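This is what each chain is made of:
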Amino acid sequence: MGVLKRVKGIAAQDGAGVKLSRIINQPGFKHQDPFLMLDEFRSDDPDDYIAGFPPHPHRGFCTLTYMLAGEMAHEDSVGNKGLVGAGGVQWMKAARGIIHAEMPKQTEGLMWGFQLWINLPAKFKMDAPEWFDYKADVIPEVHLQQSMLRLIAGRYGEQEGPVNLPEQRFLVADLRFSEASSESLDIMAYTTQLLYVYQGSITLDGDRVERGELVVFDGPLNNSIIHGEQGSGVMLLLGDAIGEPISQYGPFVMNTTQEIEQAIRDYQQGRLTEA
């Protein structure tokens, strides 16, 4: 019981050449049901991010964009527009199909954030698409001993994050240590339990985890002690596996090859976003 596996991100590019670190869905670490992909983008060089993510399609899953620094604008084929800044979240349920663009709204300075892909069960994959923009001030903050938990999705005590999906149980949170301290989190067990250290380092049940490392944790977190050094930050990604086949081709994630082929045809023929 404890740290089962350690993973470091690999350098990658996406969109129109945005440089990033791909943590989940790299050759040595594929889907972690229900989490399909996790990217971290972090750079103060505009050449690394300024081209952004021009219009591109999605079908069959959800995207969650969480910003630590900088601003990113969203625009899609449904008519949604929004701007997310530091501490804010953009949540998109692509479902049966959406075409969207995510473009930086800055020409200098630090751009730092994450994009997480979360799978949908087969019965929800062809639902109508949805999009929500959550500003930093609507993300609940749970104050612990010497740390703070920003709750993006799921429940912690009496607090509940704004992001949710029907009939799916998952928790996404940003744990920040203002001072060096030890915390015991009151979190029930999930079938998939991932922790990504994006700043500083932590010690988890005696195992030291450094910045840029993701760990797969085996065992109930509410019986575990997390010690964080001052200024450390950790993304908690906890969820119950859907347990269905995953067939992926780029921005399409379905259950079968035939469904992927249909998604490609629909996109090529301009029918991806049709009801």
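Note that the coordinates shown come from a computational prediction; the quantities given were computed from them, not determined experimentally. (Residues numbered from 1 in each chain as written. Predicted model: local features only at pLDDT ≥ 70, side-chain atom pairs only at ≥ 80, totals over all residues. Heavy atoms only, no water.)

1. Let's talk about the overall build of the chain
When its secondary structure is counted, the chain shows 1 helix and 26 strands. Each of the three principal axes of the chain carries a C-alpha extent, and together these read 55 × 45 × 35 Å. Residue burial in the chain is summarised as follows: out of 275 residues, 54% are buried. Of the contacts formed within the chain by residues at least 6 apart in sequence, a portion of 70% connects residues at least 24 apart. Of the roughly 11700 Å² of accessible surface on the chain, 48% is carried by carbon and sulfur atoms. In the chain, 23 positive and 37 negative side-chain charges are present, and the distance between their average locations comes to 4 Å. (Helix = DSSP H or I, 4+ residues; strand = E, 2+ residues; numbered from the N terminus. Buried < 20%, exposed > 50% of the residue type's maximum accessible area, 1.4 Å probe, protein only. Contact = heavy atoms within 4.5 Å. Areas by Shrake-Rupley, 256 points an atom, 1.4 Å probe, with all protein chains shown as cover. Lys, Arg positive; Asp, Glu negative; His and termini not counted. Charge placed at Lys NZ, Arg CZ, Asp CG, Glu CD.)

2. Observations concerning the sheet that holds strand β7 (residues 72-76)
To summarise the sheet geometry, strands pair through backbone hydrogen bonds and adopt either a parallel or an antiparallel arrangement. The 4 strands lie next to each other as β5-β10-β7-β8, forming an open sheet whose pairing is antiparallel. On the outer flanks of this sheet lie β5 (53-58) and β8 (81-84), each paired with one strand and no other. With direction set aside, neighbouring strand axes in the sheet form an average angle of 20 degrees. Inspection of the sheet shows β7 paired to strand β10 (residues 98-104) by 5 bridges, in the antiparallel sense. Residue pairing across strands places D76 opposite H100, the latter belonging to β10. (Pairing = 2+ DSSP bridges. Axes fitted to C-alpha atoms, helices over the stretch in contact; angles between N-to-C directions.)

3. A few points about the environment of G154
Along the chain, G154 falls in the loop between β14 (147-153) and β15 (155-156). With a relative accessible area of 14%, G154 lands in the buried category. Counting along the chain gives 84 residues from G154 to L238, while the straight-line C-alpha distance between them is 9.1 Å. G154 has contacts with Q159, E160, G161, V163, F170 and L171, leaving out every residue within four places of it along the chain.

4. A closer look at the sheet that holds strand β20 (residues 201-204)
In spatial order, the strands read β18-β23-β20-β21; together these 4 strands make up an open sheet with antiparallel pairing. Looking at the sheet topology across the chains shown, the edges are occupied by β18 (181-184) and β21 (207-210). Taking each pair of neighbouring strands and ignoring which way they run, the sheet shows an average axis angle of 25 degrees. Here β20 pairs with β21 via 4 bridges, running antiparallel. Each residue of the ladder has a partner; that of T203, found in β21, is R208.

5. Examining the pattern of salt bridges
Under the defined criterion, the tally for this structure stands at 17 salt bridges. Measuring nitrogen to oxygen at the nearest pair gives 3.9 Å for the salt bridge that ties K81 to E75. Look at K81 and you get exposed, because its relative accessible area is 60%. E160 serves as the salt-bridge partner of R155, at 2.9 Å between the closest nitrogen and oxygen. Since its relative accessible area comes to 44%, R155 is described here as partly exposed. Residue E160 is classed as partly exposed on the basis of its relative accessible area, which comes to 44%. (Salt bridge = Lys/Arg side-chain N within 4 Å of Asp/Glu carboxyl O.)

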